[in-house]
Amino acid sequence: MNFDFSDDQKLLRDQARKFLQDKCDRKSVRTILEDNQKNYDSDLWSQISELGWTGTAIPEEYGGLGLGMLELCVIAEELGRALAPTPFSSSIYIFAEFLKSYGTDEQKKKYLPLIASGKKIGTFALSETNGKPKPNNIKTQHTSGKLNGSKNPVSDGESADYIIVAANSDSNLNYNSLSLFIIDRNDSGVDISNLDTIDPTRPACTVDLKNVTCDRLGDEGSGWEMIDNIFNRAAVLFSFEQVGGAQVSLDEAKKYSLERFAFGKQIGAFQALKHKMADMYVKIELARSNAYYGAWALSTDSNELPIAAAGARVSASEAYNYASQENIQIHGGVGFTWEYDCHLFYRRSKLLSLNIGSIRQWKENLISNLEKRNIV
Amino acid sequence: MDFNDTPQEAEFRKKVRSFLEANAEKRSTLAAKPKGDSGSSISSAGAPETVKGEDAAKVALDNAKEWQRKKADAGFAAILWPKEFGGYGGTPIEQVIYAQEEHDYFVHSGYFEIGIGMLGPTMMSWGKDEDKKRFLPKMITGEEIWCQLFSEPSAGSDLAGIRMKAEKDGDEWVLNGQKVWTSGAHFADYGMIVARSDPTALKHKGLTYFYVDMKTPGIEAKPIKQISGSANFNEVFFNDVRIPDSQRIGAEGDGWKVSLTTLMNERLAVGDPPGLDFDQIFEASKEIEVEDGLAVKNSEVRQKMADWYIQSRGLQYTKYRSMTALSKGQTPGPELSISKLVTASKMQDVSSYALDLMDMSGMVHQDQNPILKNLFQNGYFFSAAMRIAGGTDEVLRNIIAERVLGLPQDERSDKKLPFNELPSGKN
Ligand SMILES: Cc1cc2nc3c(=O)[nH]c(=O)nc-3n(C[C@H](O)[C@H](O)[C@H](O)COP(=O)(O)OP(=O)(O)OC[C@H]3O[C@@H](n4cnc5c(N)ncnc54)[C@H](O)[C@@H]3O)c2cc1C
Ligand SMILES: Cc1cc2nc3c(=O)[nH]c(=O)nc-3n(C[C@H](O)[C@H](O)[C@H](O)COP(=O)(O)OP(=O)(O)OC[C@H]3O[C@@H](n4cnc5c(N)ncnc54)[C@H](O)[C@@H]3O)c2cc1C
């Protein structure tokens, strides 16, 4: 058994951490938070693209580095720690993974090198309304090569050059009527309007589509199946990003609790806070271990992936939500100020836990996949 | 990353499997423990006696000893112990492999866990050679059973607060006082005990560690009835108990240091308690009907089960991470401190929730209970003990906060004064 990252992967982690400490400090995160005109840190984006991070798990023949998913997990954790304000998850965990798994050779050649080099950004548009996306509420239509409908919210849509859109080829909406299509955001029928989000460093928008030209991705009618698979893959990567953020929330809570005095001692000496931080630690360790298992399943194309991914996703979402929320609590009044960084994590944790479906949804995925495995 | 056994590990696993197949009975997820296993460890502390009466208890003990003998003959009773004391001389990974495989079988082990898991290793670290030769092999084979005489009415979490008197008289020590919660003292052959040899010294300095023959005149063990109805732990009275100085383990006044070895091993020994977990409630949920059909189809039930799944597997994978660290010669990771903390509460939540699912029939708790063989009723009681024994939830959180996270120690008033000048309660 070898349930750990390799020395090379750990080296990559150290390098990534140092790089981000330098190039993605809290000041640069706040610039994106506070500047309505900026959707992401474009300097950071070009630097991490130059380092090849965007191409980490994209095969060399399509312009990537051709490293594995484990390396991508390592990077995801570091991006989470640094609160990196970039469209990395939309473009790399999701858009690139869709192309890698379902693109024709021609599509891969067309899109992946641009995504790998970071020159272009991709995202995915699924949701159209409140609540869980499902066959009866995805109404965007595909007719004779054109898309019509409205998507909302679409993560990183304003930054995106390409969008994969989920649409029906049949007016009778059902599980087998959904297909995926790639569109170019410069098409004159695409209208994008910004939405405020709970974490403005991770923006979203509405995408309206009027007779937009599109290119089908994958088999007709297999949209939901592809989405399930790619969301499972992305869930593992998100879980690393979440574990990274959760760990920093705990570290900062601890640091503050050692500096702040009340009632004549460090607040970190109060057992109520010690036990709270012990609970944060336990949740984070469990999440980290579940994420490792997800990484193993992802990197080996195991048929355990749906279970491993859901376990990692639920565990990491819960750990980060808890850690970021109790980090504010441990800070007391200053934790509720704009000036202190606690809210950056509080925002990010909740946004990440919703991005590819809520905890509720992933718990349901977990149990239904366990039921399926049991039958097999 | 991979989960593959190395060729040596695979070889070992094969050996273990064929031993278990030949000698033990497989069990299903929803099966209880072997009948009558009211062993000494906390792992069965809350299990009601399935067979009642002294004869039945003796039969159960005999059966357990017979199984232990077989396990010892095959070399699997103490995988980490050196061969010279009857151990396997194996690696932590082999220990885990054995535990993984044994998990699927009905076996008795409760009676021997405290000896092999905690007291034996203490003797190995601190004992004299002749004692090791004399006692360790019989500990492994189950011929002699050991108990841990640590807790007292006034000292549990705060173990160093014990008052049991040890007074030197020539070449002998005279022990006077009371121990309590001593699992298995009523059938144990030997015990390890920590006592106060110098009440005028600082609290942690005046302690000395010994072993005692439980048949020594002046020792009396009285079983205490537990909330589960059975009586697996005892109060043990010491009345002018005379033992030779040769039964001292470690130097006079070093009792605290020696005890820490035992406690460290306790974390290892109880780190992986068996019992009710996600798998049990998942299986049960397929048999229990709630308002809208089978429990497993109910959305609230599914949401809850998912939480227990991530805790359960999270612990398992944490253990894999630690094993990996061990195999690379690094110190083990955090699982020693988080495992029991998470497991005990999970078990309590799982059993309490399962009883809710059973609705009115959840009330029934008797041997003939046809519903899931009392599994969750027993777990409901046993889990309450697990949150206390071997370090309470609160003590474990303190350990994580102080030793893992490096937060300040609790303020305490007992470090600077001699023991006999410390404040104490009515106990
Ligand atoms: C929205 C808002 C509005 C407010 N309005 C007012 C106002 O109008 N007027 C006013 O005077 N104040 C106001 N306050 C201040 C508020 O009363 C304090 O923030 C609060 O009392 C906590 O004090 P603190 O911020 O100094 O945190 P600290 O006291 O430093 O606490 C930090 C952490 O340590 C913990 N802690 C501290 N002592 C102990 C202990 N003995 N045991 C265990 N844990 C401990 C706390 O629970 C907290 O988790 C406001 C605060 C907020 C957030
Ligand atoms: C089933 C069972 C089997 C056992 N078997 C044995 C055995 O074989 N041998 C043996 O020696 N002992 C045994 N014990 C005893 C066990 O080790 C003690 O019960 C345990 O250490 C707690 O001590 P206590 O019962 O005195 O509770 P206390 O220490 O009095 O604790 C009471 C409450 O106070 C809390 N508390 C205490 N100190 C702190 C602190 N510093 N911070 C916060 N909270 C605190 C505790 O968490 C607990 O909630 C057994 C116990 C059980 C339940």
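Remember, predicted model here, so these are calculated numbers, not experimental data. (Residues numbered from 1 in each chain as written. Chains lettered and ligands numbered in written order. Predicted model: local features only at pLDDT ≥ 70, side-chain atom pairs only at ≥ 80, totals over all residues. Heavy atoms only, no water.)

## So, the site of ligand 1
Residues and elements named next belong to chain A. Contacts to ligand 1 come from Arg260, Phe263, Ile267, Phe270, Leu273, Gln329, Ile330, Gly332, Gly333 and Phe336. Within the contact set of ligand 1, an oxygen atom lies 2.6 Å away from a side-chain nitrogen or oxygen of Arg260. For ligand 1, an oxygen atom lies 2.7 Å from a polar atom in the backbone of Gln329. Burial of ligand 1 by the protein amounts to 41% of the accessible area it has alone, namely 960 Å². Broken down by class, the residue content of the shell around ligand 1 amounts to 6 nonpolar, 3 polar and 1 charged. (Near = heavy atom within 4 Å. Polar contact = N/O pair within 3.5 Å; in protein donor to acceptor, adjacent residues only side chain to side chain. Areas by Shrake-Rupley, 256 points an atom, 1.4 Å probe, with all protein chains shown as cover. Nonpolar A, V, L, I, M, F, W, Y, C, P; charged D, E, K, R; others polar.)

## What about the pattern of salt bridges?
Residues and elements named next belong to chain A. Applying the stated criterion across every chain, the model contains 56 salt bridges over all chains. One salt bridge connects Asp4 with Lys10, and the closest N-O pair in it is separated by 2.8 Å. For the residue pair Asp4 and Lys10, the accessibility class agrees, reading buried in each case. Between Arg233 and Glu97 there is a salt bridge, with the nearest N and O atoms lying 2.8 Å from each other. In this pair, Arg233 sits in helix H7 (residues 223–259) while Glu97 sits in helix H5 (residues 88–102), placing the two residues 136 residues apart along the sequence. For Glu97, a relative accessible area of 1% translates into the label buried. (Salt bridge = Lys/Arg side-chain N within 4 Å of Asp/Glu carboxyl O. Buried < 20%, exposed > 50% of the residue type's maximum accessible area, 1.4 Å probe, protein only. Helix = DSSP H or I, 4+ residues; strand = E, 2+ residues; numbered from the N terminus.)

## A short note on helix H8 (residues 299–327) of chain B
Residue and element names in this part refer to chain B. Along its 29 residues, H8 runs 42 Å from first to last C-alpha, staying within 8% of the 42 Å computed at 1.5 Å per residue. Of the residues that open H8, the one with a side-chain oxygen 2.9 Å from the backbone nitrogen of Glu300 is Asn298. Of the residues flanking the end of H8, it is Gly329, one or two places downstream, whose phi is positive at about 80 degrees. (Expected span 1.5 Å × (residues − 1).)

## Considering unusual backbone geometry
With omega at -5 degrees, the peptide bond leading from Asn152(A) into Pro153(A) counts as cis. Within the secondary structure layout, Pro153(A) lies in strand S3 (residues 146–155). Although it is not a glycine, Phe263(A) adopts a positive phi angle of roughly 50 degrees. With respect to the element layout, Phe263(A) can be found in the loop between strand S9 (261–262) and strand S10 (265–266). Even without being glycine, Asp359(B) reaches a positive phi, approximately 60 degrees. Mapped onto the elements, Asp359(B) comes out in the loop between helix H9 (335–358) and helix H10 (375–386).

## Comments concerning the site of ligand 2
Near ligand 2 you find 18 residues, and of these Ser157(B), Trp181(B), Ser183(B), Thr392(B) and Glu394(B) are the closest. Residues near ligand 2 are shared among chains A and B, making this a multi-chain site. Within the backbone of Gln148(B), a nitrogen or oxygen atom sits 2.8 Å from a nitrogen atom of ligand 2. Within the backbone of Phe150(B), a nitrogen or oxygen atom sits 3.1 Å from an oxygen atom of ligand 2. In isolation ligand 2 exposes 970 Å². Once the protein is present, 69% of that is buried. When contributions to the shell around ligand 2 are tallied by element, the ones reaching two or more residues are strand S5 (172–183) and helix H11 (393–404) of chain B. If you tally residues by element for the shell around ligand 2, the top one is S5(B), at 3 residues. There are two domains that each give the shell around ligand 2 at least three residues, and those are domain 2 (146–260) and domain 3 (273–391) of chain B. (Domains from an automatic or database assignment.)

## Details of the confidence of the model for chain B
Residues and elements named next belong to chain B. When pLDDT is averaged along chain B, the result is 88; 90% of the residues meet or exceed 70. Across residues 34–51, where pLDDT falls below 50, the model places 66 contacts with residues more than four positions away in sequence or in other chains. Across the whole predicted complex the pTM is 0.95, and at the interface the ipTM reaches 0.95. (pLDDT = per-residue confidence, 0-100. Contact = heavy atoms within 4.5 Å.)

## Things to note about a nonpolar patch on the surface
A cluster of nonpolar side chains, contributed by Met360(B), Met363(B) and Val364(B), occupies part of the molecular surface with about 350 Å² of accessible area. In this fold, Met360(B) is placed in the loop between H9 and H10. (Patch = residues over 30% accessible without salt bridge, like charges linked within 9 Å, V, L, I, M, F, W, Y side chains within 5 Å.)

## Let's talk about the side chain of Asn321(A)
With respect to the helices, strands and loops of the structure, Asn321(A) is situated in helix H9 (residues 305–331). When residues no more than four places from it in sequence are discounted, the contact partners of Asn321(A) are Ser349(A), Lys350(A), Ser353(A) and Ile359(A).

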